[in-house]
Amino acid sequence: MTGSFLATLLFAFLHTNPTAFLKGGEAFLDNFVLLSLQLINGSIFAFLYLSTGNLAVPIVAHALYDFYTFYKTHMVDVAGQMEYAKARSD
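For clarity, every value in this text was computed on a predicted model and none was experimentally measured.

### Section: a nonpolar patch on the surface
Residues Met1, Tyr49, Leu50, Leu55 and Ile59 make up a contiguous nonpolar surface patch of about 580 Å² in total accessible area. Tyr49 gets classed as partly exposed once you look at its relative accessible area, which sits at 38%.

See below:
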């Protein structure tokens, strides 16, 4: 159990920018929110591993999460922003 806790902390810190904590202000807040999200994600992945005993399960869950995040931020939101900008320029 200690190992999964440490792995979750390591996962969260490796998915953030630790130097942003030193900048203060908005950068600190943004990084704190990101760290909190990554702690939740890491906990879910650790739970998936501990409950199944199969490392492939959290790996696939991570890949699906990354795919969804990439799709949402790069395909849907950007496309919507481009359509909005185009409509405003006409």
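### Side note on the packing of aromatic side chains
Applying the stated criterion across every chain, the model contains 3 aromatic pairs. Both rings, one in Phe21 and one in Phe28, keep their centres 5.3 Å apart while their planes meet at 70 degrees; by these two values the pair is edge-to-face. The exposure class assigned to Phe28 is partly exposed, which follows from its relative accessible area of 36%. Ring geometry for Phe28 against Phe32: centres 6.5 Å apart, planes inclined by 10 degrees, an arrangement best described as stacked. Placement of the pair is Phe28 and Phe32 together in helix 3 (residues 25-52), with a separation of 4 residues, close to one helical turn. Among the aromatic side chains, those forming a connected cluster through ring pairs are Phe21, Phe28 and Phe32.

### Here we look at the environment of Val60
Mapped onto the fold, Val60 is located in helix 4 (residues 56-89). Considering only alpha carbons, one finds Val60 and Lys86, 26 residues apart in sequence, at a separation of 37 Å.

### With respect to the side chain of Ser4
Mapping Ser4 onto the fold places it in helix 1 (residues 2-14). If we ignore the near neighbours within four places in the chain, the residues touching Ser4 are Ala46 and Leu50.

### Let's talk about the packing of helix 1 against helix 3
Remark: helix 1 packs on helix 3, axes separated minimally by 8 Å, with the N-to-C direction vectors making an angle of 140 degrees. Here helix 1 lies oblique to helix 3, going by the angle between them. In this structure, helix 1 crosses over helix 3, and the sense of that crossing is right-handed. Across from Ser4, Thr8, Leu9, Phe11, Ala12 and Phe13 in helix 1, the residues of helix 3 making contact are Leu35, Gln38, Leu39, Asn41, Gly42, Ser43, Phe45, Ala46 and Leu50.

### Side note on helix 1
In an α-helix, one turn spans 3.6 residues; hence positions three or four apart end up facing the same way. Its 13 residues place the ends of helix 1 18 Å apart at the C-alpha level, agreeing with the 18 Å of an ideal helix rising 1.5 Å per residue. Within helix 1, the full set of buried residues consists of Ser4, Thr8, Phe11 and Ala12. Around the axis of helix 1, the buried residues are gathered within 95 degrees of arc, so they sit on the same side. Seen from the open side of helix 1, the exposed residues pointing more than 90 degrees away from its buried face are Thr2, Leu6, Leu10 and Leu14.

Analysis parameters
- Residues numbered from 1 in each chain as written.
- Predicted model: local features only at pLDDT ≥ 70, side-chain atom pairs only at ≥ 80, totals over all residues.
- Heavy atoms only, no water.
- Patch = residues over 30% accessible without salt bridge, like charges linked within 9 Å, V, L, I, M, F, W, Y side chains within 5 Å.
- Areas by Shrake-Rupley, 256 points an atom, 1.4 Å probe, with all protein chains shown as cover.
- Salt bridge = Lys/Arg side-chain N within 4 Å of Asp/Glu carboxyl O.
- Buried < 20%, exposed > 50% of the residue type's maximum accessible area, 1.4 Å probe, protein only.
- Phe/Tyr/Trp six-rings, centres within 6.5 Å; stacked < 30°, edge-to-face > 60°.
- Helix = DSSP H or I, 4+ residues; strand = E, 2+ residues; numbered from the N terminus.
- Contact = heavy atoms within 4.5 Å.
- Axes fitted to C-alpha atoms, helices over the stretch in contact; angles between N-to-C directions.
- Parallel < 35°, antiparallel > 145°, perpendicular 65-115°, else oblique.
- Left-handed = near helix turned anticlockwise from the far one by under 90°.
- Expected span 1.5 Å × (residues − 1).
- Arc of directions from axis to C-beta.

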